[in-house]
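Summary of the model geometry
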Amino acid sequence: MKTAETYIKPLSKEWWSNFWYYYKWHTIIGIVVVISLAIMLADVFGKPTPDFAFMYAGNHAGMGSVEGYALEDQWKPYTSDVDGNGEFNVKSTVIYIPTEEAASVESAMGVVLDSELIAGESTVFFASEYLLGRFPSDEMEDLSAYIEKFGIDESLVKRTESGVAYAVSMSQNPIFTQMEGVDPSEMYMLVRPIREAYDTSEYKVNLHKNGLEMAQHILSGGTYIPEKVVYEN
């Protein structure tokens, strides 16, 4: 005997609960696809190819898109022209990942961060402390040489058990402490290593080389001036 179907009012709390249960992954994948397309279209029709790219992920704490654009302008004079177009372009990406989604595989923004780490353009990452577990610490660029070079206090450094210095606190870095409205007390900087499986083009290789120079500029608090390099792609 056929049972009567229960009517659920559209857009009600129960309707949304059932929607999320049945279409959770469809929704997450759809969001990621839309964001990826938006980024791709922005790159194609908006900003030119970056010579240096960085990403901030976290709870903002004053670090939003406006601050990202301000840092673009601040760092533009120090980057080399990686793509050889005669311009100096810095690209920022700012995403919000709340504390409760720090380790979630269902977080759309978390997937964006993971994708950028694997095959994106960003060399330098800034992240709230609660997101550090999202980074493959043993696989990040070892910043030990830069820490010694610029006399960075060891208390500001996060190391793996094997000794890799994978993250440095920005809590005392003048670039961020002097930015109005920004609280860098729980912000860390990490550097993505070269990914041989993904960074196969000459542009990607040179982008990483220039990214390491810019990373030193940032870690030094702005005192290290990167050498201007003419890259051929």
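Use the structure listed above.
Heads up: these notes are all about the structure in this document.

1. Focus on the side chain of Glu 67
Topologically, Glu 67 is positioned in helix α2 (residues 65-75). At 2.8 Å, the side chain of Glu 67 forms a polar contact with the backbone nitrogen of Gly 64. Residue contacts for Glu 67: discarding those within four places in its chain leaves Gly 62, Met 179 and Val 182.

2. Overview of α2
Residues of α2 that are buried: Glu 67, Gly 68, Leu 71, Glu 72 and Trp 75. Projected down its long axis, α2 carries its buried residues within an arc of 150°, all on one side. For α2, the exposed residues set more than 90 degrees away from the buried face come down to Val 66 and Asp 73. Elements in contact with the buried residues of α2: β1 (52-58), β2 (90-96), β3 (124-128), α5 (174-177) and α6 (202-219).

3. Here we look at the environment of Ala 127
For Ala 127, the position within the fold is in strand β3. Along the sequence, Ala 127 and Pro 184 sit 57 residues apart, while their C-alpha atoms lie 9.8 Å from each other. Excluding residues within four positions of it along the chain, Ala 127 makes contact with Ala 57, Phe 135, Glu 186, Met 187, Tyr 188 and Leu 190.

Reading guide: rules and limits
- Residues numbered from 1 in each chain as written.
- Predicted model: local features only at pLDDT ≥ 70, side-chain atom pairs only at ≥ 80, totals over all residues.
- Heavy atoms only, no water.
- Helix = DSSP H or I, 4+ residues; strand = E, 2+ residues; numbered from the N terminus.
- Polar contact = N/O pair within 3.5 Å; in protein donor to acceptor, adjacent residues only side chain to side chain.
- Contact = heavy atoms within 4.5 Å.
- Buried < 20%, exposed > 50% of the residue type's maximum accessible area, 1.4 Å probe, protein only.
- Arc of directions from axis to C-beta.

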